[in-house]
Structures are given as structure tokens and as C-alpha cells.
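Residue strings, one per chain:
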Amino acid sequence: MLNIISEKTIDIAAEPIAAAGLQPVYRVLTVDDALDGDLLVEILSPRTRAHRVAQAGALANLPAEIVFDRGKSPFIILRLQGQAPAVNFLLKALRANRFKMSS
């Protein structure tokens, strides 16, 4: 089961990951305040495919934040944070499910 550490509601369309429109994409960011080199994976996912992301995140044992859209769009953002080996496992699962890296 996915370890959900927080959830919130915002305007997803205003987020940088949604700049190119609402589509299944992800991006990898470094965490500035992490001493142990954690990476943050931000994923824009249709609600209908979010369970696949959650399954991969749970298998990689990554804590997650879920962000819902204030405008009730069919998309959510998942933010998962962890070390490179776990993040790489998640990225392989995302690519296998046809998520694209955000530019």
C-alpha cells in the first residue's frame, strides 16, 4: 500500500508540470534540503491511471503526497521522494505505462 504522507487541493493547471497541458508526464527534481541525496518525482496522472503509479510507488517503498485539482479535472499530481535506486524503479514503471518525461 502506498504510504501517503499528505494530500492537498490546488489549481493543477497553474503548476509547472502542467505547463504543456494535462497529459501523463513526470519530472525528476533534486530535493534541496535533503542531506542524503533524495530525489523528488512529480507525476501528472489521469485519475484512471493513478493506481498504476501508486502500485509502483508502494513497491519501491516511496512516501507520497497526493495533490487534487480544485477545478475537479480528471488529473492528479503525485509527488514521491526517495533514493536513486527506488526512484529508478519508479521511473521504469512510469515509462512502461507510457508516461513521458516533462520538458
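Quick caveat: nothing in here was measured; it's all calculated off a predicted structure.

Draft legend 1. Expanded view of the overall build of the protein chain. Per the secondary structure count, the protein chain includes two helices and six strands. Counted from the first residue to the last, the protein chain has its helices and strands arranged as β-β-β-α-β-β-α-β. Relative to its length of 103 residues, the protein chain is compact, with a C-alpha radius of gyration of 13 Å against a globular reference of 13 Å. By principal-axis analysis of the C-alpha atoms, the protein chain measures approximately 35 × 30 × 30 Å. Across the 103 residues of the protein chain, 44% fall into the buried class. A separation of at least 24 residues holds for 72% of the contacts in the protein chain among residues at least 6 apart in sequence.

Draft legend 2. Local environment of the nonpolar core. Membership of the largest hydrophobic core comes to 22 residues, with the highest contact counts inside it found for Val41, Ile43, Leu78, Leu80, Leu90 and Leu94. Among the secondary structure elements, those contributing two or more residues to this core are strand E3 (39-46), helix H1 (50-59), strand E4 (63-69), strand E5 (75-82) and helix H2 (84-96). Top contributing element to this core by residue count: H2, with six residues. In this structure, Ala18, Val25, Val67 and Ile77 belong to the second largest nonpolar core, which totals nine residues.

Draft legend 3. Quick look at the pattern of salt bridges. Evaluation of the coordinates by the stated rule reveals five salt bridges. Between Glu42 and Arg79 there is a salt bridge, and its shortest N-O distance comes to 2.7 Å. Of this pair, Glu42 sits in strand E3 while Arg79 sits in strand E5, and the two are 37 residues apart along the sequence. On the basis of relative accessibility, which here comes to 3%, the residue Glu42 falls in the buried class. The class for Arg79 is buried, based on a relative accessible area of 12%. Members of the salt-bridge network, linked through shared partners, are Lys8, Glu15, Arg27, Glu42, Glu65 and Arg79.

Draft legend 4. Main features of the side chain of Glu65. By the element assignment, Glu65 lies in strand E4. Within the local environment of Glu65, its side chain forms a polar contact with the side chain of Ser6, the two groups lying 3.4 Å apart. Residues within four places of Glu65 in sequence aside, it is in contact with Ile5, Ser6, Lys8, Ile77, Leu78 and Arg79.

Conventions we followed
- Residues numbered from 1 in each chain as written.
- Predicted model: local features only at pLDDT ≥ 70, side-chain atom pairs only at ≥ 80, totals over all residues.
- Heavy atoms only, no water.
- Helix = DSSP H or I, 4+ residues; strand = E, 2+ residues; numbered from the N terminus.
- Rg over C-alpha atoms; globule rule 2.2 N^0.38 Å.
- Buried < 20%, exposed > 50% of the residue type's maximum accessible area, 1.4 Å probe, protein only.
- Contact = heavy atoms within 4.5 Å.
- Core = buried A, V, L, I, M, F, W, Y, C linked by side-chain atoms within 4.5 Å.
- Salt bridge = Lys/Arg side-chain N within 4 Å of Asp/Glu carboxyl O.
- Polar contact = N/O pair within 3.5 Å; in protein donor to acceptor, adjacent residues only side chain to side chain.

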